[in-house]
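Report on the structure
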Amino acid sequence: MSTMQGAVIIGGQRQVELREFPVPEPGPGQVLVRMRAAGMCGSDLHNIYRTMNLDDPGHYRGCIAGHEPCGTVEAAGPGSTRFEKGDRVIVYHITGCRTCSACRKGWIVNCTSDQRSVYGWHRDGAYADFMLAEEYTLLELPDELSFIDGAILSCGFGTSFQGVRRADVSGYDTVLVVGLGPVGLAAAMISKARGARVIGVDISPERVVAAESLGCDLGLVAGEDTLEAIMEYTNGHGVEVSLECSASQAGRMLALESARLWGRVVLLGEHGNLSLNPSFTIIQRQLTVHGSWMSGISEMQDAIEHAVRWNIKPGDIVTHMFPITQIREAFELADAGQAGKVVFAWGEDE
Ligand SMILES: [Zn+2]
Ligand SMILES: [Zn+2]
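Residues numbered from 1 in each chain as written. Chains lettered and ligands numbered in written order. Predicted model: local features only at pLDDT ≥ 70, side-chain atom pairs only at ≥ 80, totals over all residues. Heavy atoms only, no water.

What to know about the overall build of the chain
Helix and strand counts for the chain come out as 10 helices and 17 strands. Here the chain has a C-alpha radius of gyration of 20 Å; the compact-globule value for 350 residues is 20 Å, and the two agree. By principal-axis analysis of the C-alpha atoms, the chain measures approximately 65 × 40 × 40 Å. The buried share of the chain, taken over its 350 residues, is 55%. Considering only intrachain contacts with a sequence separation of at least 6, the fraction spanning at least 24 residues in the chain is 68%. Accessible area for the chain stands at about 15,300 Å²; split by element, carbon and sulfur atoms hold 49% of it. If the 28 positive side-chain charges of the chain are averaged to one point and the 43 negative ones to another, these points end up 5 Å apart. (Helix = DSSP H or I, 4+ residues; strand = E, 2+ residues; numbered from the N terminus. Rg over C-alpha atoms; globule rule 2.2 N^0.38 Å. Buried < 20%, exposed > 50% of the residue type's maximum accessible area, 1.4 Å probe, protein only. Contact = heavy atoms within 4.5 Å. Areas by Shrake-Rupley, 256 points an atom, 1.4 Å probe, with all protein chains shown as cover. Lys, Arg positive; Asp, Glu negative; His and termini not counted. Charge placed at Lys NZ, Arg CZ, Asp CG, Glu CD.)

Structure, rendered in structure tokens:
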């Protein structure tokens, strides 16, 4: 097979096109991955499909899109020693210079060199039958996890895992998750797995139901009396930990105001603004506020290991599955706000 199908998003125009591409050949240190599952990320929809900010130096470059890849090794290039054909792999979605302090720590996402490149944004990504990956960005997918689980782990679940880690959530805590999209749902699942009692809040009743079915102890549809309900549930004290995944002013304020004295708040949802009185909201209440952006590659490996250990299936948050030939329909559905987590799958998931 010398050609393959790959999808390119026409940025800012709500269009996506399936085109024919040559199957790439792996060079030194590279591996050709046969795609088995690829997740659609909120960023594909919000920052490419709907609107594209060309002033952002990191903007999408018109390559094959998709940055949540999972599949099997098809061929390894010269000098590759870690993998052989058939090995099941997750691709960490960013490549870096490998020598700056961020890269040396495995925090490739924070690499600032001009060699930094994101699969599906700056170099060909996951919405294709095959994808070329740097071998060092591959992580082993254990037999206990499906390809769909792997695709979810490769971006969003890693982000959630790291956010939960930042607050060091344990069975001691009541955790509030604000915003129950894919990142919030995963954060709720992971907090439950770490033994916490979990409250989930969203403006969408469907998402609240989804969170309850994934094990949330209390689901609340956001409204006038949400803060009061959280206070009542926590005997008037508030939660030990808030994980903010909504990125809205109201959601961010709820996360901060629901935290008890000395509580920990992690901001995961990106963009938008936040207006507050720091004295009353943060300082006088002794809060610790963390910003948490995606995950490092070693933290992603940790997330994979713990998903197996805790027997949780990241793929449980998936609401819609499509073959890549229906990518247009998939984006239209997601754009209409009618989907939770969308995944593209090639053949039987196993
Ligand atoms: Zn993503
Ligand atoms: Zn670097």
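What to know about the nonpolar core
Counting 98 residues, the largest nonpolar core has Tyr127, Leu243, Phe331 and Phe344 as its most contacted members. It is helix H3 (residues 147-166) that provides the largest number of residues to this core, a total of 8 residues. Among residues more than four places away in sequence, those in contact with Phe344 are Arg36, Ala37, Ala38, Met40, Tyr127, Phe322, Pro323, Ile324, Ile327, Ala330 and Phe331. In terms of nonpolar packing, the next biggest core, distinct from the first, is built from 14 residues, Leu176, Val201, Leu220 and Val239 among them. (Core = buried A, V, L, I, M, F, W, Y, C linked by side-chain atoms within 4.5 Å.)

Observations regarding the coordination of the zinc ion (ligand 2)
The coordination sphere of the zinc ion (ligand 2) contains the protein donors Cys97 (SG), Cys100 (SG), Cys103 (SG) and Cys111 (SG), at a distance range of 2.3 to 2.4 Å. Of note is the zinc ion (ligand 2), whose 4 donor atoms meet at the metal with angles of 102 to 117° in an arrangement that counts as tetrahedral. Spacing between the donor residues of the zinc ion (ligand 2) along their common chain follows C-x2-C-x2-C-x7-C. (Donors = N, O, S within 2.8 Å, 3.2 Å for Na, K, Ca; no water. Tetrahedral: all angles 85-135°; square planar, octahedral: opposite > 155°, others 65-115°.)

Overview of the packing of helix H6 (residues 226-233) against helix H7 (residues 249-258)
At a minimum axis distance of 10 Å, the contact between H6 and H7 shows a crossing angle of 25°. When the axis of H6 is compared with that of H7, the two are roughly parallel. The two elements H6 and H7 meet at a crossing, and its hand is right-handed. Taken together, the residues of H7 that come into contact with H6 (itself represented by Thr226, Leu227, Ile230 and Met231) are Leu254, Glu257 and Ser258. The residue inventory of the contact of H6 with H7, partitioned by class, reads 4 nonpolar, 2 polar and 1 charged. (Axes fitted to C-alpha atoms, helices over the stretch in contact; angles between N-to-C directions. Parallel < 35°, antiparallel > 145°, perpendicular 65-115°, else oblique. Left-handed = near helix turned anticlockwise from the far one by under 90°. Nonpolar A, V, L, I, M, F, W, Y, C, P; charged D, E, K, R; others polar.)

Let's talk about unusual backbone geometry
With phi around 55°, Asn235 is a residue other than glycine that occupies positive phi space. Locating Asn235 in the fold gives a position in the loop between H6 and strand E13 (239-244). Phi at Trp262 takes a positive value of approximately 65°, unusual for a residue other than glycine. Mapping Trp262 onto the fold places it in strand E14 (residues 259-267). Judged by its relative accessible area of 61%, Trp262 falls in the exposed class.

Focus on the sheet that holds strand E12 (residues 218-221)
In space, the 6 strands of this open sheet follow the order E12-E11-E10-E13-E14-E15, with parallel pairing throughout. Only two strands of the sheet have a single neighbouring strand rather than two, namely E12 and strand E15 (288-291). The average undirected angle you get between the axes of adjacent strands in this sheet is 15°. Two strands pair when backbone bridges link them, and strand E10 (residues 174-178) and E13 are joined in this way by 4 bridges, in the parallel orientation. Counterpart to Val177 in the pairing with E13 is Leu243. Each of E10, strand E11 (197-202) and E13 is contacted by helix H4 (residues 182-193), which is oriented at about 170° to E10, the strand it contacts most. (Pairing = 2+ DSSP bridges.)

Section: a negative patch on the surface
A surface patch of like charges, here negative, comprises Glu224, Asp225, Glu228 and Glu232. Take Glu232: it is sitting in helix H6. Given the relative accessible area of 64%, Glu232 is considered exposed. (Patch = residues over 30% accessible without salt bridge, like charges linked within 9 Å, V, L, I, M, F, W, Y side chains within 5 Å. Salt bridge = Lys/Arg side-chain N within 4 Å of Asp/Glu carboxyl O.)

Quick notes on the side chain of Thr72
Examined against the element boundaries, Thr72 turns out to sit in strand E4 (residues 69-76). Overall, the relative accessible area of 9% leaves Thr72 in the buried class. Not counting chain neighbours up to four residues away, the residues in contact with Thr72 comprise Leu32, Val33, Arg34, Arg36, Gly86, Asp87, Arg88, Val89 and Phe147.

Observations regarding the pairing of strand E3 (residues 30-39)
Side-chain direction in a regular strand flips from residue to residue, so the side chains alternate between the two faces of the sheet. Taken across its 10 residues, E3 has 9 buried, putting it largely inside the fold. Across 5 bridges, the pairing between E3 and strand E8 (residues 130-134) is antiparallel. Residue pairing across strands places Val33 opposite Met131, the latter belonging to E8. With 3 bridges joining them, E3 and strand E17 (residues 341-345) adopt antiparallel strand pairing.

Quick look at the pattern of salt bridges
Side chains that carry opposite charge are capable of pairing whenever their charged atoms lie near each other. Applying the stated rule across the entire model yields 17 salt bridges. Lys341 is the partner of Glu68 in a salt bridge, and the nearest nitrogen-oxygen pair spans 2.8 Å. Residue Glu68 is located in the loop between helix H1 (42-50) and E4, and its partner Lys341 is located in strand E17; the two are separated by 273 residues in the primary sequence. Both residues of the pair, Glu68 and Lys341, belong to the buried class. Here Arg207 and Asp202 are joined by a salt bridge, their closest N and O atoms 3.7 Å apart. Note on Arg207: relative accessible area 31%, which makes it partly exposed. Since its relative accessible area comes to 8%, Asp202 is described here as buried.

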